[in-house]
Each structure stands twice: as structure tokens, then as C-alpha cells.
Amino acid sequence: AAWLRAGPLVLINTPNTIWALIAVCMFECVPYDLSRTGPAASAPLSAAFFAARLPLWLGVWLGYTLWWHATLHWFGFAERPFVAAREYRPGRVAHNLVWSVSGVVIWTGFENVFAYLWATGRLAYVDETAWSSRRGALHFCAALLLVPLWRDVHFFFAHRMLHFNALYAQVHSLHHRNTDVEPFSGLCMHPVEHLYYFACALPSLLLLTTPFALLWNGVHLLLSPGASHSGFEDHWQADAYHYFHHRYVSCNYAGTNAGFLDVWFGSFVDTLKPTDQKGCKPRPDAKATLTRPPSLEFAAYLALSAGCVLAWAVAASDVAAGAHAAAPRLAAHLAVLAGFGPVA
């Protein structure tokens with residue numbers, strides 16, 4: 001109840017203020033082209049759309065995350081690291097960058113699919129030209145306030161699901177290669193995890209919303225992990241509870257703002273273990289590297305998961321190009337394959 005009562009303040013007393021301003025600037029300065037002749041209307045996964053939007057997302061994500069990484073880990077803007085004797089390893093940062101960039105690419109794919117549905121009239125939306133109307137203003141305010149709250153709930157349950165044994169071993173363990181986190185480790189995930197992390201965009205598919213709601217969701221998804229994985233406790237966007245999660249694994253599945261969910265489900269931890277009370281000792285995080293070849297199991301699972309999504313992507317692109325009509329049963333089977341195949 002207290003969490004819901006604080007909902008209207010979600011943009012005032014939290015880092016959401018910065019992310020919301022970035023989202024508004026992106027929406028106003030680089031709006032979606034949802035015309036029938038625009039790149040979004042050509043295909044669910046369009047090279048022209050990626051050429052226009054991927055550099056934008058990469059620039060925003062890299063600029064924001066690099067700022068946190070540089071100020072904290074290079075220039076010493078903070079003084080209280082969770083691990084005082086940490087060793088800075090460029091190879092680990094490179095590992096985190098590569099898997100994070102794959103996440104930005106996947107998010108651009110999500111955005112392309114939504115923009116295609118809007119531009120071709122397959123999915124209704126509130127036209128952004130109606131900002132001056134009461135209806136447009138209500139949708140804008142609702143998106144600003146509700147997206148962060150929805151993110152909290154979705155993150156807890158999606159994150160908790162990823163800690164079931166099989167999913168953790170094959171998917172989420174990649175993210176947990178970093179026990180001593182740094183900003184680029186925030187979005188460093190297995191591509192299958194990115195699929196379920198970005199599934200937070202579901203309300204834009206089920207509800208009549210403005211495209212701003214999707215963009216705001218995307219900004220939140222891509223930027224919020226950076227500072228929460230900073231590795232330091234003495235800055236405005238620090239998240240000690242999530243550091244405990246990386247340190248001890250089976251606790252604190254929610255973000256700081258929704259810690260009550262961990263309390264309800266018995267997974268809340270708010271103190272270091274006795275062995276760490278005098279200072280957390282560094283851990284090697286040896287798997288967070290690009291120099292060690294992946295196991296055959298890892299490579300096979302990644303290839304099979306990619307095949308599930310690729311089958312849907314090829315079929316969807318053929319239908320969009322008019323190569324053949326979409327058979328409802330085949331479309332349903334391909335959707336199930338893409339949605340559930342990677343975790344089957």
C-alpha cells in the first residue's frame with residue numbers, strides 16, 4: 001500500500017527523473033516515423049529501421065553508462081566501493097560491453113516490431129500529434145507514472161523465474177559472472193534473458209497507449225541497470241540491495257523501490273553476512289571474459305534459441321513482404337516457438 005501511495009512521487013524522489021527527461025527529449029527530438037512509407041512500415045525487422053534507431057539507442061545507452069563507469073571507476077567521484085580491494089580488469093569490462101550491446105540490438109528489434117504494427121494499422125495507438133488534447137495529456141501522464149511501477153513488478157517476477165535451476169544454469173548465470181559489479185555489467189545478459197527482460201513492453205501490445213509509453217519503457221530498461229550495478233554505495237543512484245543479490249545470489253530479486261516483494265516472499269536481505277562485515281573480499285569473476293571459449297552446451301543452447309526466434313522472424317518478414325499469406329495455425333505455432341522455445 002505504501003508503494004502505491006508513493007506512486008505519484010516516482011518521478012520526484014528517485015532517479016526516474018533523469019531517465020524520464022531523457023525519454024521525453026528522445027521522443028520530441030527523434031520521433032517515430034509511423035507513416036506508410038517510413039522504414040517502420042516496411043517489415044517487422046527492417047534494415048532501414050535499424051539503421052535509423054540502433055545508433056540512437058547505442059549512443060544514449062553508452063553515453064549514460066560510460067558516464068557512470070568513468071566517474072566512479074576512473075575518476076574517483078565515489079569513495080565507498082562495495083569491494084575496497086577490487087582489481088580493475090579491462091577484459092571483464094569488454095565482456096560486459098559485448099553482451100550489453102547484444103541487448104541494445106534486441107531492444108531495437110522489439111521497437112521495430114511495435115513500430116511496424118503501428119505504422120501498418122495492425123495495432124491501434126494514441127497519436128502523438130494529440131498532445132494538446134486532454135486524452136493525449138492523460139496518456140502521457142499515465143505512462144510517466146505507471147511505467148516505473150510496472151517495471152518494478154515485472155522485474156521481480158521475471159528475475160525470480162530466471163533463478164529456477166535450469167534457466168539459471170543456461171541463461172541467468174551469464175549475468176552473475178559479475179559478483180563485483182560495474183555499470184556495464186547491468187545490461188550484460190544472455191540474449192534469452194534479454195527477451196524476457198524486454199517483455200516488460202507487453203502493456204503497449206495489450207493496451208491502447210501512446211508510442212511514448214514504449215519508448216519510456218525502453219529508456220528505463222536500458223539505462224536503469226547502469227547505476228544500480230555501479231559497484232559503489234555512496235552516490236544518488238546506488239543500490240546496495242542489488243549488490244547483495246550479486247554477492248549472495250538467492251536474495252533481493254526486486255529493485256530497491258519494490259523491496260516489499262522480497263519481504264513478502266521471504267527473500268529480503270539488508271545486511272552483509274558476518275564473513276563480509278569487515279569488508280567484502282574480491283572475487284576473481286574468472287568467467288567474465290571473452291578469452292575463454294564457450295562450452296559446447298552454451299553454444300548449442302544459444303544456437304537453438306536463436307533458431308527459434310529466427311524462424312518467426314523469417315516468416316513474419318515474408319508475410320510483411322507479401323510473399324505468402326499468414327496461416328493462423330502456422331502463425332500461432334511460430335509465435336509459441338519464438339516465445340517459449342528458448343526456455344523449453
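Residues numbered from 1 in each chain as written. Predicted model: local features only at pLDDT ≥ 70, side-chain atom pairs only at ≥ 80, totals over all residues. Heavy atoms only, no water.

Scanning all chains against the criterion turns up zero disulfides. Distance from the sulfur of C188, which forms no disulfide, to the nearest cysteine sulfur (C251) is 19 Å. Residue C188 is classed as buried on the basis of its relative accessible area, which comes to 0%. (Disulfide = S-S within 2.5 Å. Buried < 20%, exposed > 50% of the residue type's maximum accessible area, 1.4 Å probe, protein only.)

Formed by 58 residues in total, the largest nonpolar core has its most connected members in W57, W107, F212, L215, W216, V219 and L222. Among the elements of the structure, α2 (16-29), α3 (47-74), α4 (90-119), α5 (134-161), α7 (191-197) and α9 (211-228) are those that each provide at least two residues to this core. Listed in part, the eight residues of the second largest apolar core include F82, V83, Y243 and Y248. (Core = buried A, V, L, I, M, F, W, Y, C linked by side-chain atoms within 4.5 Å. Helix = DSSP H or I, 4+ residues; strand = E, 2+ residues; numbered from the N terminus.)

What follows concerns the side chain of H245. Tracing the backbone shows H245 in helix α10 (residues 240-248). There is a polar contact of 2.5 Å between the side chain of H245 and the backbone oxygen of C251. Look past the residues within four positions of H245 in its chain and what remains in contact with it is H159, H163, H172, H176, C251, N252 and Y253. (Polar contact = N/O pair within 3.5 Å; in protein donor to acceptor, adjacent residues only side chain to side chain. Contact = heavy atoms within 4.5 Å.)

Positionally, E182 belongs in the loop between α6 (165-170) and α7. Buried charged residue E182 carries no salt bridge. Nearest counter-charge: R92, at 5.6 Å. One polar contact links E182 to N96, side chain to side chain, over a distance of 2.6 Å. Leave out the neighbours within four places in its chain, and E182 touches H69, H73, R92, V93, N96, H229 and S230. (Lys, Arg positive; Asp, Glu negative; His and termini not counted. Salt bridge = Lys/Arg side-chain N within 4 Å of Asp/Glu carboxyl O.)

Summarising the element assignment, L72 is placed in helix α3. In this structure, the C-alpha to C-alpha distance between L72 and A332, residues 260 residues apart in sequence, is 48 Å. If we skip the residues at most four places from it in the chain, L72 touches F77, A78, S230, F232 and H235.

On to a nonpolar patch on the surface. A grouping of L62, L66, W74, F75, F77 and Y88 is seen on the molecular surface, where their side chains present a nonpolar patch of about 640 Å² in accessible area. Looking at the element boundaries, Y88 is found in the loop between α3 and α4. Given a relative accessible area of 37%, Y88 falls into the partly exposed group. (Patch = residues over 30% accessible without salt bridge, like charges linked within 9 Å, V, L, I, M, F, W, Y side chains within 5 Å. Areas by Shrake-Rupley, 256 points an atom, 1.4 Å probe, with all protein chains shown as cover.)

All right, on to the pattern of salt bridges then. Two side chains with opposite charge may pair up if their charged atoms get near one another. Applying the stated rule across the entire model yields five salt bridges. Note that E233 is salt-bridged to R80, the shortest N-O span being 3.6 Å. Here E233, found in the loop between α9 and α10, pairs with R80, found in the loop between α3 and α4; they are 153 residues apart in sequence, far enough to count as distant. Its relative accessible area of 44% is what places R80 among the partly exposed residues. Residue D285 pairs with R92 through a salt bridge whose shortest N-O separation is 3.6 Å.

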